[in-house]
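Structural characterization, general
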Amino acid sequence: MMSPITRTPLALIALVSLVVGTGVDTTECRAAEQPNVILFVVDDMGWMDSGVYGSRYYETPNIDRLAARGMRFTDAYSANPLCSPTRASILTGKYPARLAFTTAA
């Protein structure tokens with residue numbers, strides 16, 4: 001039985017040969033597998049404070065254009081009602097209480 005170490009180079013060579021042989025651009029393959037994600041973390045912005053979500057007061061043409069070309073979310077969850085613990089939660093992937101960071105910084 002062959003070890004995974006000896007199988008890996010052969011599989012890699014076969015994959016490269018297949019991609020090169022068929023003329024497929026590897027950059028396009030990688031781009032299709034990994035989506036681009038932009039996360040806006042905005043302080044004191046309400047759910048209806050951009051044009052794409054119904055604001056008639058605020059003009060947000062760039063956000064509206066970005067939303068028209070991408071994906072919009074209608075439901076969200078915040079780890080904490082304050083911005084600092086929420087940002088810490090986003091950066092670490094942990095609940096603010098687990099970080100002992102539940103008040104404003």
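Preceding block: the structure.
Parameters and conventions
Residues numbered from 1 in each chain as written. Predicted model: local features only at pLDDT ≥ 70, side-chain atom pairs only at ≥ 80, totals over all residues. Heavy atoms only, no water. Helix = DSSP H or I, 4+ residues; strand = E, 2+ residues; numbered from the N terminus. Buried < 20%, exposed > 50% of the residue type's maximum accessible area, 1.4 Å probe, protein only. Contact = heavy atoms within 4.5 Å. Areas by Shrake-Rupley, 256 points an atom, 1.4 Å probe, with all protein chains shown as cover. Phe/Tyr/Trp six-rings, centres within 6.5 Å; stacked < 30°, edge-to-face > 60°. Salt bridge = Lys/Arg side-chain N within 4 Å of Asp/Glu carboxyl O.

Comments concerning the overall build of the chain
Within the chain one finds 4 helices and 0 strands. When the helices and strands of the chain are listed from N to C terminus, the series reads α-α-α-α. Buried residues in the chain amount to 12% of all 105 residues. By sequence separation, contacts in the chain at least 24 residues apart represent 13% of the contacts at least 6 residues apart. A total accessible area of about 9300 Å² is found for the chain, and carbon and sulfur atoms account for 61% of it.

Re the environment of Tyr58
Relative to the helices and strands, Tyr58 resides in the loop between helix 2 (26-33) and helix 3 (61-69). Its relative accessible area of 43% is what places Tyr58 among the partly exposed residues. Sequence separation between Tyr58 and Met48 is 10 residues; the distance between their C-alpha atoms is 9.3 Å. Each residue touching Tyr58, except ones within four places of it in the same chain, is listed here: Asp49 and Gly51.

Section: the packing of aromatic side chains
Here the structure, examined in full by the defined rule, presents 1 aromatic pair. On the basis of an interplanar angle of 85° and a centroid distance of 4.9 Å, the ring pair of Tyr57 and Tyr58 is categorised as edge-to-face.

Things to note about unusual backbone geometry
For Asp44, which is not a glycine, the phi torsion comes out positive at approximately 60°. Of the residues examined, Asp44 reaches a relative accessible area of 82% and is grouped as exposed. The backbone of Ala100 sits at a positive phi, close to 55°, despite the residue not being glycine. With a relative accessible area of 72%, Ala100 lands in the exposed category.

A word on the environment of Thr103
Within the fold, Thr103 resides in the segment after helix 4 (83-92). Once residues within four sequence positions are removed from consideration, Thr103 is found in contact with Leu82, Ser84 and Pro85.

A short note on the pattern of salt bridges
For the structure shown, the criterion picks out 1 salt bridge. With a closest N to O distance of 3.1 Å, Arg87 and Asp43 form a salt bridge. Here Asp43 lies in the loop between helix 2 and helix 3 and Arg87 lies in helix 4, a separation of 44 residues in the sequence.

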